[in-house]
Amino acid sequence: MKYAPLVLSNLRRKRLRTALTLLSITVAFILFGYLAAIRVGLGAGVQVAGADRLFVRHRVSIAQPLPISYLDRIKRVPGVRAAIHQSWFGGIYQEAKNFFPQMAVDPEPFLEMYPEFILPEEQKLAWLRTRNGAIVGRSTANRFGFKVGDHIPLQATIWRRQDGGVMWDFEIVGIYDGADRGTDTSQFFFWYEYLEEGRAFGKGLVGWYVVKVDNPEQAAEVAKLIDDEFLNSSDEVKAETERAFISGWVNQIGDIGLIMRAILTAVFFTILLVAGNTIAQSVRERTQELGVLKALGFTNRQVLFLVFAESCMLSCLGGFLGLGIALLLISAGDPTGGALPVFYVPARDIVYGACISVGLGLVTGFFPALRAMRLEIAESLRQA
Amino acid sequence: MSGTDDVLVNIEGVTKYYRRGAELVHVLEDIWFQVRRGEFLALMGPSGSGKSTLLNLIGGLDRPSRGSIVVDGLRIDRLNERELAGWRARHVGFVFQLYNLMPVLTAERNVELPLLLTPLTRTQRKRHVAAALAAVGLLHRKKHFPRQLSGGEQQRVGIARAIVTDPTLLLCDEPTGDLDRRSGDEILDLLQLLNREHGKTIIMVTHDPHASARATRVVYLYKGQIVTEMPK
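Right, let's walk through the structure included here.

1. Some remarks on the overall build of chain B
A count of helical and extended segments in chain B gives 7 helices and 10 strands. For chain B, the residues scored as buried account for 54% of the 232 residues in total. In chain B, of all internal contacts separated by at least 6 residues, the share reaching a separation of at least 24 is 69%. Accessible area of chain B: about 10,700 Å², with a carbon and sulfur share of 48%.

Structure below.
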């Protein structure tokens, strides 16, 4: 601590240069925070997806429906504890831009399958007795101001009604929360029977199945058994873990993790050069002063430490400032208006960010610190 | 000389040369001399005579190529870098020609620098700094940065920094070389005071006879060797 004034005063030496370097580091860390939040948003569900849940879809495509009769056969496959079906509705609320996912399900087994959706008991009971009842996640409810008791008209894009109409009326009977921060609370669930009775076509079909296995370690074997069960049928299936399914879904637009890493690598490499140059220049300008410090009795290691302290202070200041600003901005929520239902910086990424800022300081300070440490006193004093 | 206890610096057969490519450049050649405790010694000689190199060797800023340097009974040419740094911090105060203050630190922070290497608390450090600044008559300018001080004042801050740890030996390299006559005289008065009143042993490199006249003894260096009289 007693060296802090010395380190700080060195950073104040060229205020504009320090400010610009600090700004570039700060911006890099704001970007880091945003990319971390976007990755979470795009991969919403991957992290919280149950390891004991399998996702069973049509082998050709998720868009191909499966017969509802598969449900009982899936339940009979060894290793399967429970199974439910889900069907994509794809309705429009007022305008096409107001997107949120809507799914038809059987309420009771659905809630048992997804304990991460927290619904008050009275709302659960209300859903079970209301045919056109629907539950909606907190983020979507907040987004559109939905309240329990509201009637929500959705315009079907797939499922025309038997009477030829496209408008479906739903009564909001519950608003669920996520068990943790990463749970997607943007979805809207309603009775499958309501859809089945009302739709003009597609009777007896569902979108996909979700299966809970007895033992998560045997998930791969159970998936194989399910695949085999429907081999050579008209609708062959592909079973995979929920996590693998969601990852695959997200990665349709590319390997998100790889893209993020590539962007961040480019950004931090640039910052490395900028901050490294600042520190190196600063040390070069102070050759004589460093020589004086050594003459006064500072050891080579102490001089090394001082330069490292300076580079780490700069990068940590910029890093923490950037992370702080990012957290503040991100706390305002999804900036896309619904495309990123889960949008936050996970604690793990904050820790990564802090580590990167320290690492950045160490790397940028390495060569200047080494140079400072190796300075010959008499030689550096001669440069006066 | 009244006895070996009176000898603070003992230099025996010191030679210093540098390599410049394949060539050996001899700066000091077989130097023998002693400095007594409480002495104010002036090292004189023309440019390139080796006076600053000798001062650097006595202060442990450089190492001799041959010979031994004993200061206060300690053979400093055998100390490793770390030991030598610690020894400098405890026993030597340096005063430089160009003051060599940190431009980004106030006078008091500059004076405090050597104390950062001691186990003193912040309060104790402040007390020592105040005493040193008072000794050079600059306590009232402790919050000023070097750029806000005159050359003479900067050099006085430099002297305060040199004496703040109460070192055994004060080494001054052309302390008045960058000052006008009046400021130079003030600095020499101060050094003389430190020598007479506080018993500081001072070795001062200078090429100014006016400055060397303040010393109790003058040693001449010419082409890397000690001579009794400067050649014309």
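2. As for the pattern of salt bridges
Per the stated rule, a full pass over the model turns up 31 salt bridges over all chains. In this structure, the salt-bridge partner of Asp62 of chain B is Lys16 of chain B, at a minimum N-O distance of 3.3 Å. Note that Asp62 of chain B is positioned in the loop between helix H1 (51–58) and strand E4 (66–71) and Lys16 of chain B in strand E1 (residues 7–20), a separation of 46 residues in sequence. The exposure classification of Asp62 of chain B matches that of Lys16 of chain B, with both residues buried. A salt bridge links Arg217 of chain B to Glu39 of chain B; the shortest N-O distance between them is 2.4 Å. Taken together, the residues span a long stretch of sequence, with Arg217 of chain B in strand E9 (residues 217–222) and Glu39 of chain B in the loop between strand E2 (23–36) and strand E3 (40–44) at a distance of 178 residues. Overlapping salt bridges, with partners in common, bring together Arg39, Arg348 and Asp349 of chain A in one network.

3. A word on the side chain of Gln123 of chain A
All names here are of chain A. For Gln123, the position within the fold is in helix H5 (residues 121–129). A polar atom in the side chain of Gln123 sits 2.9 Å from the backbone nitrogen of Ile175. Residues in contact with Gln123, not counting those within four places in the same chain, are Val148, Val173, Gly174 and Ile175.

4. So, the interface of chain B and chain A
At the interface, 25 residues of chain B touch 24 residues of chain A. Contact with chain A buries surface across chain B, with Val104, Leu116 and Leu117 of chain B losing the most and accounting together for 25% of the total. Counting across the chain B and chain A interface gives 5 residue pairs in polar contact (both at pLDDT 80 or more). Broken down by element, the side of chain B that touches chain A gets its largest block of residues, 5 residues, from helix H2 (residues 81–91) of chain B. By residue class, the composition of the side of chain B that touches chain A is 15 nonpolar, 3 polar and 7 charged.

5. Looking at the packing of helix H11 (residues 287–296) of chain A against helix H13 (residues 347–374) of chain A
Two quantities define a packed helix pair, namely the angle between the helix axes and the distance between the axes. All names here are of chain A. Closest axis-to-axis distance for the H11/H13 pair is 9 Å, and the angle between their directions is 55 degrees. Relative to H13, the element H11 is oriented oblique. As H11 packs across H13, the resulting crossing turns out to be right-handed. Only Arg371, Ala372, Met373 and Arg374 of H13 make contact with H11, whose side of the interface consists of Thr287, Leu290 and Lys294. Residue composition of the contact of H11 with H13, by class: 3 nonpolar, 1 polar and 3 charged.

6. Structural notes on the state of the cysteines
Residues and elements named next belong to chain A. By the definition in use, this model includes 0 disulfides over all chains. Between Cys312, a free cysteine, and Cys316, which holds the nearest cysteine sulfur, the sulfur-to-sulfur gap is 5.7 Å. Residue Cys316 is classed as buried on the basis of its relative accessible area of 15%.

7. A word on helix H1 (residues 4–11) of chain A
Within H1 of chain A, burial applies to Leu6, Val7, Ser9, Asn10 and Leu11 of chain A. As for H1 of chain A, its buried residues are in contact with helix H2 (15–42), H11 and helix H12 (300–330) of chain A.

8. With respect to the packing of helix H10 (residues 256–285) of chain A against H12 of chain A
Residue and element names in this part refer to chain A. It is the contact of H10 with H12, at a shortest axis distance of 11 Å, that shows an interaxial angle of 145 degrees. Crossing hand, H10 versus H12: right-handed. Between H10 and H12, the contacting residues are Thr278, Ile279, Ser282 and Val283 on the first element and Val307, Glu310, Ser311 and Leu314 on the second. Counted by class, the contact of H10 with H12 contains 4 nonpolar, 3 polar and 1 charged residues.

About the cut-offs
Residues numbered from 1 in each chain as written. Chains lettered and ligands numbered in written order. Predicted model: local features only at pLDDT ≥ 70, side-chain atom pairs only at ≥ 80, totals over all residues. Heavy atoms only, no water. Helix = DSSP H or I, 4+ residues; strand = E, 2+ residues; numbered from the N terminus. Buried < 20%, exposed > 50% of the residue type's maximum accessible area, 1.4 Å probe, protein only. Contact = heavy atoms within 4.5 Å. Areas by Shrake-Rupley, 256 points an atom, 1.4 Å probe, with all protein chains shown as cover. Salt bridge = Lys/Arg side-chain N within 4 Å of Asp/Glu carboxyl O. Polar contact = N/O pair within 3.5 Å; in protein donor to acceptor, adjacent residues only side chain to side chain. Buried area = accessible area lost by both parts, 1.4 Å probe. Nonpolar A, V, L, I, M, F, W, Y, C, P; charged D, E, K, R; others polar. Axes fitted to C-alpha atoms, helices over the stretch in contact; angles between N-to-C directions. Parallel < 35°, antiparallel > 145°, perpendicular 65-115°, else oblique. Left-handed = near helix turned anticlockwise from the far one by under 90°. Disulfide = S-S within 2.5 Å.

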